[in-house]
Amino acid sequence: MYSIDITVFILGLIIGSFLNVVIYRLPENKSIIWPGSHCTNCQTNLKIFDLIPVLSFIFTKGRCRYCDTKVSYQYPAVELLTALLFLISYWRYSLSIEFLIYSGLIALLIVCTFIDLKYQIIPNKITYPGIIIFFIISFFFNHITIKSSLLGIVLSGGFLLVIAIVSRGGMGIGDVKLAAMVGSVIGVKYTIIGIFIGSLIGSIISLILIGFNIKDRKDRIPFGPFIAIGTVVMIFYGNVIINWYLDLLAF
Ligand SMILES: [Zn+2]
């Protein structure tokens, strides 16, 4: 009865495990295909038993079996996050083309989020092909019109470009391209509402981090992850939020 839920979740874990490879290797310009997975400390090639998402991490208590070095919590976290978001995407859109397209966007957002958190960059190798491929996809499927996809790219990117210029480096050009990629899939209206939601969450988290002295007021807090969070909220609950807002206006 829940077999599709379980299949989607396991598929999410496996794709999440691949996203870890992309997150780790893309910023260092390493091939994501070759060589196979190895311990980043002792270089030992990992066997099938070491590569089972989440479970390998639990069985080895988060350490390399060969050299005992601690393995980053990021690995199981990315796997679980991918699996969970794919599952919610399936619940929301069932087995449809929307489910595939939105899950694809979510996977790219996860990669951009973790690279931005670590390196303060959003890789062009993700955003440029993303914008082009999602625009081409709009020719073939009905999740968005071709015109809305194009306007989504130009206006969402343009909106953040204006903010980037006004904020003088507070927001990066990487964020502009990320917004353009999101716009190509969900259109300008959803993208900009998502950015507002993301900014709100970002402000609250920044205040907490500064309040607990984890971050300094001058530290740059990457904005990409908050664009990603806002986008995921809009993918899952965009129409609920817009209807709620329209109801509010009707009062
Ligand atoms: Zn090792």
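Residues numbered from 1 in each chain as written. Predicted model: local features only at pLDDT ≥ 70, side-chain atom pairs only at ≥ 80, totals over all residues. Heavy atoms only, no water.

Taking an unreviewed UniProt entry as the reference, the protein chain is identified by name as Prepilin leader peptidase/N-methyltransferase belonging to Orenia marismortui. A UniProt comment under Catalytic activity (unreviewed entry) is attached to the protein chain, and it reads "Typically cleaves a -Gly-|-Phe- bond to release an N-terminal, basic peptide of 5-8 residues from type IV prepilin, and then N-methylates the new N-terminal amino group, the methyl donor being S-adenosyl-L-methionine." You can read under Function (unreviewed entry) in the UniProt record for the protein chain the words "Plays an essential role in type IV pili and type II pseudopili formation by proteolytically removing the leader sequence from substrate proteins and subsequently monomethylating the alpha-amino group of the newly exposed N-terminal phenylalanine." (UniProt positions renumbered as here; feature names shortened; annotations may be inferred.)

### Brief notes about the domain arrangement of the protein chain
When cut into domains, the protein chain gives domain 1 (1-95) and domain 2 (123-251). With centres defined by C-alpha atoms, the gap from domain 1 to domain 2 works out at 26 Å. Taking both sides of the interface into account, the surface hidden between domain 1 and domain 2 amounts to around 650 Å²; carbon and sulfur atoms contribute 64%. Of all residues in domain 1, Leu26, Leu85 and Arg92 bury the most surface against domain 2, accounting for 60% of the area lost on that side. (Domains from an automatic or database assignment. Buried area = accessible area lost by both parts, 1.4 Å probe.)

### As for the pattern of salt bridges
Between side chains of opposite charge, a pair can form as their charged atoms come close. On inspection of all chains with the given rule, the structure shows 2 salt bridges. Of the charged contacts, one joins Lys30 and Glu28 as a salt bridge, the two residues approaching to 2.9 Å between their closest N and O atoms. Its relative accessible area of 42% is what places Lys30 among the partly exposed residues. Across the pair Arg65 and Asp50 runs a salt bridge whose closest N-O atoms are separated by 2.7 Å. Taken as a pair, Arg65 in the loop between α2 (55-59) and α3 (74-93) and Asp50 in the loop between α1 (3-25) and α2 lie far apart in primary sequence, 15 residues in all. (Salt bridge = Lys/Arg side-chain N within 4 Å of Asp/Glu carboxyl O. Buried < 20%, exposed > 50% of the residue type's maximum accessible area, 1.4 Å probe, protein only. Helix = DSSP H or I, 4+ residues; strand = E, 2+ residues; numbered from the N terminus.)

### Topic: the coordination of the zinc ion
Binding of the zinc ion to the protein goes through Cys39 (SG), Cys42 (SG), Cys64 (SG) and Cys67 (SG), at separations of 2.2 to 2.3 Å. Around the zinc ion, the 4 donor atoms sit at angles spanning 104 to 117°, and that spread fits a shape best called tetrahedral. Binding-site remark: the zinc ion is held by donors from one chain whose sequence spacing is C-x2-C-x21-C-x2-C. Taken together, the positions of Cys42 in the loop between α1 and α2 and Cys64 in the loop between α2 and α3 put the pair 22 residues apart, joining distant regions of the chain. Residue class for Cys42 comes out partly exposed when judged on its relative accessible area of 28%. (Donors = N, O, S within 2.8 Å, 3.2 Å for Na, K, Ca; no water. Tetrahedral: all angles 85-135°; square planar, octahedral: opposite > 155°, others 65-115°.)

### A closer look at the UniProt feature "transmembrane region" (unreviewed entry) in the protein chain
With numbering matched to this structure, UniProt assigns "transmembrane region" (unreviewed entry) to residues 6-24, 99-119, 126-144, 150-169, 190-214 and 226-246. Helix makes up 63% of residues 126-144 and strand 0%. Its end C-alpha atoms lie 21 Å apart. Helix makes up 100% of residues 226-246 and strand 0%, with an end-to-end C-alpha separation of 24 Å.

### Section: the confidence of the model for the protein chain
Residues of the protein chain with pLDDT of at least 70 account for 99%, and the chain-wide mean is 93. Here α2 is the element of the protein chain with the lowest mean pLDDT, 93, and helix α5 (residues 124-137) is the one with the highest, 98. (pLDDT = per-residue confidence, 0-100.)

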